[in-house]
Amino acid sequence: MKERNNDKGKSLRPTSNRVREALFDIIRSRVENARFLDLYAGTGAVGFAALKEGASEVFFVEVAKKNIVEINKAIEKKELGGQTKVISRKVSSFIEWAEEEGLSFDIIFIDPPYHTDEINKAMSAIGKSGILKEDGIVIAEHFVKMELPQMFERLEKTKDYHYGDTVLSFYKISEDVKV
């Protein structure tokens, strides 16, 4: 995966085509008519792929203004305004807001910057919140050397898929801690 600098000096590391194709091979049957959340959206490639696969609605959450402009341009060009929402908030703030608004998602994809602890913070926040539907899934993309725990609050890891230096970790709401 190629790294590029965004306007905050952090590297933008888009999900590679290989990993994105593998992801949608795994979740394709769940995407149709799903409400999809793309956290740390970056270029928005994963969210746009979800729309292409039949998601009914995609929320893109991103803070980098340059990326937001590009996502909005793509939405306008592809005439997807009725199926998308672009939210300029930090992920933790978005999760709190989404829960207050009663929003819930079938699929949550999270791809924070590698080599930070953002993934742990965000996964814990998702696990504490009610934004994942009972039968929903969370997919966390992360660096292969970062081992994610089996549990994040009420989220339980179900499987890891390895693609070179990238891992996709799948989580669902644990049967043991459903409310």
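Refer to the structure printed above.
Draft legend 1. Spatial organisation of the pattern of salt bridges. Taken as a whole and assessed by the stated rule, the structure comprises 11 salt bridges. Between Glu-57 and Lys-85 there is a salt bridge, with its nearest N and O atoms 3.2 Å apart. With Glu-57 in strand β4 (residues 57-61) and Lys-85 in strand β5 (residues 84-87), this residue pair connects regions lying 28 residues apart in the sequence. In this structure Glu-57 comes out as buried when scored by relative accessible area, which is 14%. The exposure class of Lys-85 is partly exposed, given its relative accessible area of 38%. In this structure, Arg-154 and Glu-134 form a salt bridge, with 3.9 Å as the shortest nitrogen-oxygen distance. One end of the pair, Arg-154, is in the loop between β8 (151-152) and β9 (155-163); the other, Glu-134, is in strand β7 (residues 132-143), with 20 residues separating them in the sequence. The class for Arg-154 is buried, based on a relative accessible area of 15%.

Draft legend 2. The arrangement of the sheet that holds strand β10 (residues 166-173) in detail. Judged by pairing direction, the sheet is mixed, and its eight strands sit side by side in the order β5-β4-β3-β6-β7-β10-β9-β8 without closing on themselves. The open sheet has two free edges, formed respectively by β5 and β8, since each of these has just one partner strand. In terms of strand pairing, β8 meets β9 through two bridges, oriented antiparallel. Looking across to β9, one finds that Phe-152 is bridged to Leu-155. Most of the contacts of helix α3 (residues 65-78) go to β5, to which it runs at about 165°, and overall it touches β4 and β5.

Draft legend 3. Inspection of helix α4 (residues 91-100) at higher detail. Three or more residues of α4 are buried, namely Val-91, Phe-94, Ile-95 and Ala-98. Down the axis, α4 shows its buried residues gathered within 100° of arc, on one side only. Pointing more than 90 degrees away from the buried face of α4 are the exposed residues Glu-96 and Glu-100. In the core, the buried residues of α4 are packed alongside β3 (35-39), β4, β5, β6 (105-110) and α5 (118-128). A positive phi of about 75° marks Gly-102, the residue just after α4.

What counts and what doesn't
- Residues numbered from 1 in each chain as written.
- Predicted model: local features only at pLDDT ≥ 70, side-chain atom pairs only at ≥ 80, totals over all residues.
- Heavy atoms only, no water.
- Salt bridge = Lys/Arg side-chain N within 4 Å of Asp/Glu carboxyl O.
- Helix = DSSP H or I, 4+ residues; strand = E, 2+ residues; numbered from the N terminus.
- Buried < 20%, exposed > 50% of the residue type's maximum accessible area, 1.4 Å probe, protein only.
- Pairing = 2+ DSSP bridges.
- Contact = heavy atoms within 4.5 Å.
- Axes fitted to C-alpha atoms, helices over the stretch in contact; angles between N-to-C directions.
- Arc of directions from axis to C-beta.

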